[in-house]
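Analysis of the macromolecular model
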Amino acid sequence: MENLNKKTVAILATNGFEESELREPKKALEKAGADVHIVSLESGEIKGWNDGNWSNSYKVDKTLSEVNQKDYNALVLPGGQINPDVLRKDKNAVAFVRSFFEAHKPVAAICHAPWLLAEAGVIEGRKVTSYDSIKTDLINAGANWVDEEVVVDEGLVTSRNPDDLPAFNAKLVEEVYEGKHEEQTA
């Protein structure tokens with residue numbers, strides 16, 4: 001396993017994130033040695049979603065107003081329907097996502113989270129996957145959508161759903177270890 005000591009990763013999420021899509025990547029990154037911050041719109045706690053119901057709460061480490069992409073080596077975007085839909089309506093969240101692409105840093109998005117990538121205007125011409133219900137949205141944003149467990153395109157990691165988490169987490173750790181990708185751009 002790659003050693004991510006001295007690497008810091010942001011997980012951008014708000015209420016309604018798919019719990020496993022935040023919990024499992026966070027565990028994988030921490031196991032590899034990374035420092036991981038949950039970044040959200042407001043301080044306090046955010047509540048997950050699991051099996052069609054509200055689930056556990058997670059402590060927010062930093063608010064969006066307190067951070068900058070320069071503070072991080074990579075960004076993780078968990079899915080769930082509610083979480084990315086709320087975040088894509090927040091101009092600061094969208095700008096934060098876009099800034100990682102402008103800095104050529106790894107970004108990983110799973111399930112419905114690629115909605116944020118479409119909103120940030122960073123997937124045109126990129127090979128991605130997602131939850132199948134947003135396929136048309138991503139194609140309309142210019143992405144080359146494929147139905148695969150995990151897709152890596154120059155530092156951009158995408159997966160379809162929680163069943164894909166083992167492959168998603170492995171590629172996420174690998175891309176964070178590799179660092180910047182010059183072709184990872186907005």
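Before going into details, it helps to say that this report is about the structure given with it. Everything numeric in this text was worked out from a predicted model, so none of it was measured. (Residues numbered from 1 in each chain as written. Predicted model: local features only at pLDDT ≥ 70, side-chain atom pairs only at ≥ 80, totals over all residues. Heavy atoms only, no water.)

Within the chain, the regular secondary structure consists of six helices and 12 strands. Its C-alpha atoms give the chain a radius of gyration of 14 Å, near enough to 16 Å, the size a compact globule of 186 residues would have. Judged by the C-alpha coordinates and their principal axes, the chain covers about 35 × 35 × 30 Å. Scored against the burial criterion, the 186 residues of the chain give a buried share of 55%. (Helix = DSSP H or I, 4+ residues; strand = E, 2+ residues; numbered from the N terminus. Rg over C-alpha atoms; globule rule 2.2 N^0.38 Å. Buried < 20%, exposed > 50% of the residue type's maximum accessible area, 1.4 Å probe, protein only.)

With that settled, consider unusual backbone geometry. Leaving glycine aside, a negative phi is the common case for residues, and trans is the common case for peptide bonds. Even without being a glycine, Asp-51 presents a positive backbone phi close to 50°. One can find Asp-51 in the loop between strand E4 (45-50) and strand E5 (53-59). When its relative accessible area of 67% is taken as the criterion, Asp-51 is described as exposed. Of note in the backbone geometry, Cys-111 takes a positive phi value of approximately 65° without being a glycine. For Cys-111, the location among the structural elements is in the loop between strand E8 (107-110) and helix H4 (114-119).

Let us look at the sheet that holds strand E6 (residues 62-63). With mixed pairing, the seven strands of this open sheet are ordered in space as E6-E3-E1-E7-E8-E12-E11. In this open sheet, the two edge strands, each paired with only one partner strand, are E6 and strand E11 (150-153). As judged from the five bridges shared by strand E1 (residues 8-12) and strand E3 (residues 35-40), these two strands associate in the parallel manner. By the bridge assignment for E3, Val-9 is matched with Val-36. Set on the sheet, helix H1 (residues 19-31) makes contact with E1, E3, strand E7 (74-77) and E8; between it and E3 the angle comes to about 150°. (Pairing = 2+ DSSP bridges. Contact = heavy atoms within 4.5 Å. Axes fitted to C-alpha atoms, helices over the stretch in contact; angles between N-to-C directions.)

Successive residues of a regular strand alternate their side chains across the two faces of the sheet. Because side chains alternate across E8, one face comprises the buried residues Val-107 and Ala-109, and the other comprises Ala-108 and Ile-110, equally buried. Sheet topology note: the E7/E8 ladder contains three bridges and is parallel. Bridge pairing in E8 places Val-76 opposite Ala-108.

This paragraph deals with the pattern of salt bridges. Any two side chains of opposite charge can pair, given that their charged atoms come close. Tallying each qualifying case throughout the model produces 12 salt bridges. Between Arg-23 and Glu-24 there is a salt bridge, with the nearest N and O atoms lying 2.7 Å from each other. Judged by relative accessible area, Arg-23 falls into the partly exposed class, the value being 30%. Relative accessible area serves as the criterion here: at 22%, Glu-24 is assigned to the partly exposed category. (Salt bridge = Lys/Arg side-chain N within 4 Å of Asp/Glu carboxyl O.)

In this section: the nonpolar core. Leu-12, Leu-75, Leu-77, Phe-96, Val-97 and Leu-117 are the most contacted members of the largest nonpolar core, which has 30 residues in total. At the level of elements, E1, E7, helix H3 (91-102), E8 and H4 are the ones that each hand at least two residues to this core. Ranked by residues supplied to this core, first place goes to H3 with six residues. Once residues within four sequence positions are removed from consideration, Leu-77 is found in contact with Leu-12, Val-97, Val-107, Ala-108, Ala-109, Ile-110, Ala-113, Leu-116 and Leu-117. With 28 residues, the next largest nonpolar core counts Leu-22, Leu-29, Ile-38 and Ile-46 among its residues. (Core = buried A, V, L, I, M, F, W, Y, C linked by side-chain atoms within 4.5 Å.)

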